[in-house]
Each structure stands twice: as structure tokens, then as C-alpha cells.
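Results of the structural survey
This is what each chain is made of:
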Amino acid sequence: MIRILDERTLKFIDYLNANYTCEKECLLTVLNGVMSLDENGELESAYNDYEELGIIALSTETPEKIIDGNGKEVSQWYYDNYTLLKLAHEYAHHLQTV
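A short tour of the structure in this document, coming up. (Residues numbered from 1 in each chain as written. Predicted model: local features only at pLDDT ≥ 70, side-chain atom pairs only at ≥ 80, totals over all residues. Heavy atoms only, no water.)

1. Structural notes on the overall build of the protein chain
Within the protein chain, the regular secondary structure consists of 3 helices and 5 strands. Element order for the protein chain, N to C, with α for helix and β for strand: α-β-β-β-β-β-α-α. For the protein chain, buried positions account for 29% of its 98 residues. Nonlocal contacts in the protein chain, meaning residues at least 24 apart in sequence, comprise 60% of its contacts between residues at least 6 apart. For the protein chain, the exposed area adds up to about 6,900 Å²; of that, 49% sits on carbon and sulfur atoms. (Helix = DSSP H or I, 4+ residues; strand = E, 2+ residues; numbered from the N terminus. Buried < 20%, exposed > 50% of the residue type's maximum accessible area, 1.4 Å probe, protein only. Contact = heavy atoms within 4.5 Å. Areas by Shrake-Rupley, 256 points an atom, 1.4 Å probe, with all protein chains shown as cover.)

2. Details of the nonpolar core
With 8 residues, the main nonpolar core is built from F12, L16, C26, I56, L58, L84, L87 and Y91. Listed by contribution, the elements that provide at least two residues to this core are α1 (7–19), β5 (55–59) and α3 (82–97). The dominant element in this core, judged by the number of residues it contributes, is α3, at 3 residues. When sequence neighbours within four positions are dropped, the list of residues in contact with L84 reads R8, T9 and F12. (Core = buried A, V, L, I, M, F, W, Y, C linked by side-chain atoms within 4.5 Å.)

3. Considerations on the side chain of T9
Among the structural elements, T9 can be located in helix α1. With residues near it in sequence (within four places) discarded, T9 still touches L84 and L87.

4. Observations regarding the environment of Y78
With respect to the helices and strands, the residue Y78 is situated in helix α2 (residues 76–80). Taking the C-alpha atoms as reference, Y78 lies 8.7 Å from I66; in sequence the two are 12 residues apart. When neighbours within four sequence positions are excluded, Y78 is seen to be in contact with I66 and L85.

Listed below in C-alpha cells is the structure:
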């Protein structure tokens, strides 16, 4: 059997598609276990190119330590939902663009 994403992430994608639709399709590239590179060659956990290609490149890797804007480590909830949060963030940019 071939599986790209876990069931929870697939259900979240269904939720986004059902509740936040738009006319322009956005393709999702899944980079399981690796970080992606943005257009400047910088490591990112998720990257997008909405205007040119309409692609989200999403890594399923969670960083070992995540620091919030106040310099504190994020809660366990943030770690547990990291991939979903990154996907939602990048998809929101897609919606803003289109």
C-alpha cells in the first residue's frame, strides 16, 4: 500500500477544501522527513510559490526545538500539530494570493 500522509493530515486537507475553497488549484508537494528550501536557498519547514506555480512544498519533519516570538519554547500542542499549522499557514497565503 502507498501512503503519502497520515490519516489526520488527509482529513485536515479535506476540511480545508470543504471550508476554504477557491477557484485556482493549489498543488501540495510533500517532503516527508526533510526540510524544504525557499527561493533564496534557506531551509524552511514549508515553502510556497503561489503566483508562478501554485505549489506548497510541505515538510512533515518537526524541528527539535521551536521558539515563539517571545523567545519561549512553544507548548507540546504546537509540536503535535506542527505539520497541520504549517499547511494551514501556507494555504492561507495561497487564498490571499488568489
